[in-house]
Amino acid sequence: MYILGIESSCDETAAAIVSDRKEILSNVIYSQIEEHKPYNGVVPEVAARAHLEKIDIVVEKALVDANLSLDNIDAIAGTCGPGLIGGVIVGATFAKSLAFAKKIPFIAVNHIEAHALSVRLTEEVEFPYLLILASGGHCQICVVHDIDNFQILGRTLDDSVGESFDKVSKLLDFGYPGGPVIEKLYYEGDHDKFSLPRPMCSRGNCDFSFSGLKTAVLNASQKCNSLQNRKDLAASFQKTVAEIMSFKMKQALNFCSNQKIKINAAVISGGVAANLVIRERLKKICGSVPFLVPPVKFCTDNGAMIAWLGVEKFKRNQFNELDFPPRPRWPLGEQIQREKI
Ligand code: KG4
Ligand code: ZN
């Protein structure tokens, strides 16, 4: 079975073809970084226009790279939310139109759930598993019991972790996108130079808070008088975030053990999972629990994770009507019942 997945919820226009045997036949990503760079962040209207310009080219390339035609595709999976509404409408409408034209099923995919399940595309991992989902828009810890059953253990009370990377990079004048830039600076700066707070780490729960850390970086930055000083601050921030993530992972592992939830693995996914400093820390804290993470290219937004959730849903006969609404907000695990009028 071949599923075409289409993604357009933020600043990547992406399409991929994945089979039920976990073959990734193509994975095309058009990144809009250059379009958004001048503004130091993603501009929704610019994003929507860029998706509109590129979507047909990206989907066509996914078919060419896979050496397949639309006649070989069994279903189209499209991100229907959450995300920037303009981009979501572009991708979801494109996906539905293809499904309608080819008379094949349409599968509405929740972008966050696709991140949450993406590890099963490249690893053999059974449910349940512990997951830190860390992206630009989301930061939560949950136990994944099934493709649509997420037991939330904690979430951020303010900024997401990806957002805090982006904001800190911006305020230190290192530009967009913040995550990869700050990760690189970790190796160029002295990460012990600044002592930064680790909000919520004196509490034994799995919630996060990053806004206080960001403010601490802002205050410290006002005393920085050299480029090297700012690099040291970025490196210290990166180290602190890695410490916070590993502390919270430990809390979640303890919770699972106390509640006798037999998890098969501990996983991090979402854009921030691309961060090797964080991965290293988490791996250490997991001890005998297998620590799994998708390959870097499947951590940040991509079509393969959308297609893969399409495969998982196809196997369970979970298809959607073509009037499925695009949703700017769509919490993890929330089932949508479309009211018929
Ligand atoms: O999952 P993603 O591509 O898009 C969303 O669904 O939000 O995540 C994007 C976020 C951005 O905030 C970006 O700065 C962060 O992931 N990110 C990283 C890294 N690569 C991307 N954060 C830390 N280290 C990285 N290497
Ligand atoms: Zn994402």
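Each remark here, short or long, concerns the structure printed above.
Rules behind the numbers
- Residues numbered from 1 in each chain as written.
- Chains lettered and ligands numbered in written order.
- Predicted model: local features only at pLDDT ≥ 70, side-chain atom pairs only at ≥ 80, totals over all residues.
- Heavy atoms only, no water.
- Core = buried A, V, L, I, M, F, W, Y, C linked by side-chain atoms within 4.5 Å.
- Buried < 20%, exposed > 50% of the residue type's maximum accessible area, 1.4 Å probe, protein only.
- Helix = DSSP H or I, 4+ residues; strand = E, 2+ residues; numbered from the N terminus.
- Contact = heavy atoms within 4.5 Å.
- Axes fitted to C-alpha atoms, helices over the stretch in contact; angles between N-to-C directions.
- Parallel < 35°, antiparallel > 145°, perpendicular 65-115°, else oblique.
- Left-handed = near helix turned anticlockwise from the far one by under 90°.
- Nonpolar A, V, L, I, M, F, W, Y, C, P; charged D, E, K, R; others polar.
- Pairing = 2+ DSSP bridges.

**Description of the nonpolar core**
Part 1: Among the nonpolar cores identified, the biggest contains 52 residues, and Leu130, Val161, Phe237, Met245, Met249, Ile268 and Ile278 are the most heavily contacted of them.
Part 2: Of all the elements in the fold, those that place two or more residues in this core are β6 (129-134), β7 (139-146), α6 (161-171), α7 (178-186), α8 (211-221), α9 (227-258), β9 (266-269) and α10 (276-286).
Part 3: Top element by residues in this core is α9. It accounts for 12 residues.
Part 4: Leaving out residues up to four positions away in the same chain, Met249 has contacts with Leu130, Ile132, Ile141, Ala266, Val267, Leu282, Ile285, Cys286 and Phe291.

**Some thoughts on the packing of α9 against α10**
Part 1: Relative orientation of the contacting elements α9 and α10 amounts to 30°, with a least axis distance of 9 Å. Classified by the angle between their axes, α9 and α10 sit roughly parallel to one another. As for the relative orientation of α9 and α10, their crossing is right-handed in sense. Residues Gln238, Lys239, Val241, Ala242, Glu243, Met245, Ser246, Met249, Lys250 and Leu253 of α9 lie in contact with α10, whose contacting residues are Val277, Ile278, Arg281, Leu282, Ile285 and Cys286.
Part 2: A per-class count over the contact of α9 with α10 returns 10 nonpolar, two polar and four charged.

**Observations concerning the pairing of β6**
Part 1: Across the six residues that make up β6, a large majority, six, are buried.
Part 2: The alternating pattern of β6 places Tyr129, Leu131 and Leu133 and Leu130, Ile132 and Ala134 on opposite faces, both of which are buried.
Part 3: The pairing of β6 with β7 spans six bridges and is antiparallel. Among the inter-strand pairings, Leu133 is bridged to a residue of β7, identified as Gln140.
Part 4: In the sheet, β6 pairs with β9 via four bridges, with the strands oriented parallel. Directly across from Ile132, in β9, lies its bridge partner Ile268.

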